[in-house]
Amino acid sequence: MTAKEVIAAIRNVPDFPIPGIQFKDITTALAKPECLQWMRDEMVRRYKDLGITQIVGIESRGFIVGPAVAIELGAGFVPIRKPGKLPAETISVSYEKEYGTDTIEMHKGALNENDVVLIHDDILATGGSMMAAVELVKKAGVKKIYTNCLIELEGLNGRKLLEGNGVDFDCLLEIEVDE
Ligand code: AMP
């Protein structure tokens, strides 16, 4: 399996959820065992020697490959969710979206000062969601934060936003935003 073959397995859905958006649908790649394994193995290869203790997944597509990688790394898995979904006490961060604001939550006490964290999501677009997740994990007070997405949409400056804020970012696949 090559990165090119995995990209070819990702379905592009034009005008979803609104006109003008080229939606990258990873479900077609996830359904192919060899693509799913490639995503897991490629992440494990990149992160196995960094002492990761927790993978923090962003709802909801960060919950798919994230836990499989956590098991391989001997790490735990912590979810970041939309408001009102987590049952115990939470910490939260609100951030500006194109239209209005959004809030994300994580359980209080889910991470500690010794944790080396990998925050994971499926796609990096403008980087707004990942930057908010970084702020949330910072609030929890951990030792080190890495961030990763399966796909980086090039041309939206998400990486610039993260790296400009000193965030360590890596992605498995790069796709032009209009492709
Ligand atoms: P952003 O905060 O702009 O980086 O957006 C990232 C989040 O929105 C991720 O959780 C993605 O799953 C989703 N997303 C943004 N753009 C797309 C797209 N073109 N196709 C699929 N998902 C997207």
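Above this text sits the structure in question.
Residues numbered from 1 in each chain as written. Predicted model: local features only at pLDDT ≥ 70, side-chain atom pairs only at ≥ 80, totals over all residues. Heavy atoms only, no water.

I'm lost on the pattern of salt bridges in this one. Help?
As a working rule, side chains carrying opposite charge can pair if their charged atoms are close by. Per the counting criterion, the structure on display carries 13 salt bridges. Put simply, Glu42 and Arg45 hold a salt bridge, and the shortest N to O gap is 2.6 Å. Placement of the pair is Glu42 and Arg45 together in helix 3 (residues 33–47), with a separation of three residues, close to one helical turn. Its relative accessible area of 12% is what places Glu42 among the buried residues. (Salt bridge = Lys/Arg side-chain N within 4 Å of Asp/Glu carboxyl O. Helix = DSSP H or I, 4+ residues; strand = E, 2+ residues; numbered from the N terminus. Buried < 20%, exposed > 50% of the residue type's maximum accessible area, 1.4 Å probe, protein only.)

Hey, could you run me through the site of the ligand in this one?
Taken together, 14 residues lie around the ligand, and Asp121, Asp122, Thr126, Gly127 and Ser129 are the ones closest in. At 2.8 Å from an oxygen atom of the ligand is found a side-chain nitrogen or oxygen belonging to Asp121. Alone, the ligand offers 490 Å² of accessible surface; in the complex the protein occludes 81% of this. Taken together, the elements giving at least two residues each to the shell around the ligand come down to strand 2 (22–25), strand 7 (116–124) and helix 5 (128–140). (Near = heavy atom within 4 Å. Polar contact = N/O pair within 3.5 Å; in protein donor to acceptor, adjacent residues only side chain to side chain. Areas by Shrake-Rupley, 256 points an atom, 1.4 Å probe, with all protein chains shown as cover.)

Hey, could you run me through the nonpolar core in this one?
Soluble globular proteins tend to bury their nonpolar side chains together. Grouped together as the largest cluster of nonpolar side chains are 30 residues, with contacts concentrated most on Met39, Ile52, Leu73, Leu150 and Ile151. Only helix 1 (3–9), helix 2 (27–30), helix 3, helix 4 (65–73), strand 7, strand 8 (144–154) and strand 9 (168–176) provide two or more residues apiece to this core. The biggest single contributor to this core is helix 3, with six residues. When residues no more than four places from it in sequence are discounted, the contact partners of Ile52 are Tyr47, Leu73, Ala75, Val116, Val117, Leu118 and Tyr146. Listed in part, the 27 residues of the second largest apolar core include Ile80, Leu111, Ile119 and Val167. (Core = buried A, V, L, I, M, F, W, Y, C linked by side-chain atoms within 4.5 Å. Contact = heavy atoms within 4.5 Å.)

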